[in-house]
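One letter stands for each residue in the lines below.
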Amino acid sequence: QAEQKLLVHLWAENHELFESREARTAWRKILEELNSRLECNKTVEKCMKKMKYLIEKYKEAKEWNRKQTGGTRRQILTVDIVT
């Protein structure tokens, strides 16, 4: 859970770089910060895959909630996404 929160937070901070040629550099920056703070050894590919998964789940929940009229809404994410 802490890893996901930090990953999403760092992704949001660098979000504008993902639309440019600097995307790979942004992912390396995120990876260094993530590995430093959590004392782990993640790879760029693993972080990219995890973020893609989280975005897909966010979109699925958002679409599900858009179609609901009652109280059966899905929780989008347990972390705050700031873009």
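Below: a short report on this structure. Computed from a predicted model, the values in this text were never measured in an experiment. (Residues numbered from 1 in each chain as written. Predicted model: local features only at pLDDT ≥ 70, side-chain atom pairs only at ≥ 80, totals over all residues. Heavy atoms only, no water.)

### A few points about the pattern of salt bridges
In step 1: By the definition in use, this model includes 4 salt bridges.
In step 2: The partner of R24 in a salt bridge is E45, and the shortest N-O contact between them spans 2.9 Å. With R24 in helix α2 (residues 23–38) and E45 in helix α3 (residues 44–67), this pair connects stretches of sequence that are 21 residues apart.
In step 3: Look at R24 and you get partly exposed, because its relative accessible area is 37%.
In step 4: In this structure, R37 engages E33 in a salt bridge whose closest nitrogen and oxygen atoms are separated by 2.5 Å. Separated by 4 residues within a single helix, R37 and E33 lie in helix α2, roughly one turn from each other.
In step 5: Residue classification places E33 among the partly exposed residues on the basis of a relative accessible area of 29%. (Salt bridge = Lys/Arg side-chain N within 4 Å of Asp/Glu carboxyl O. Helix = DSSP H or I, 4+ residues; strand = E, 2+ residues; numbered from the N terminus. Buried < 20%, exposed > 50% of the residue type's maximum accessible area, 1.4 Å probe, protein only.)

### A few points about the nonpolar core
Taken as a class, soluble globular proteins show a tendency for nonpolar side chains to be buried jointly.
In step 1: Core analysis: the biggest nonpolar cluster contains 16 residues, and L7, W11, F18, W27, I30, C47 and M51 have the highest contact counts within it.
In step 2: When residues of this core are traced back to their parent elements, those giving at least two are α1 (2–13), α2 and α3.
In step 3: Counting residues per element, this core draws most heavily on α1, at 6 residues.
In step 4: Residue contacts for F18: discarding those within four places in its chain leaves W11, A23, A26, W27 and I30. (Core = buried A, V, L, I, M, F, W, Y, C linked by side-chain atoms within 4.5 Å. Contact = heavy atoms within 4.5 Å.)

### Quick look at the packing of aromatic side chains
In step 1: With the rule as written, the count across this model stands at 2 aromatic pairs.
In step 2: Taking the centre distance of 6.5 Å and the plane angle of 20° together, the rings of W11 and F18 count as stacked. The exposure classification of W11 matches that of F18, with both residues buried.
In step 3: Where F18 meets W27, the ring centres are 4.9 Å apart and the plane angle is 45°; that geometry is what we call tilted.
In step 4: Accessibility expressed as a relative area gives 9% for W27, which makes it buried.
In step 5: Three or more aromatic residues joined by ring pairs make a cluster, and in this case those are W11, F18 and W27. (Phe/Tyr/Trp six-rings, centres within 6.5 Å; stacked < 30°, edge-to-face > 60°.)

Purely geometric stuff here, so don't read any function into it on its own.
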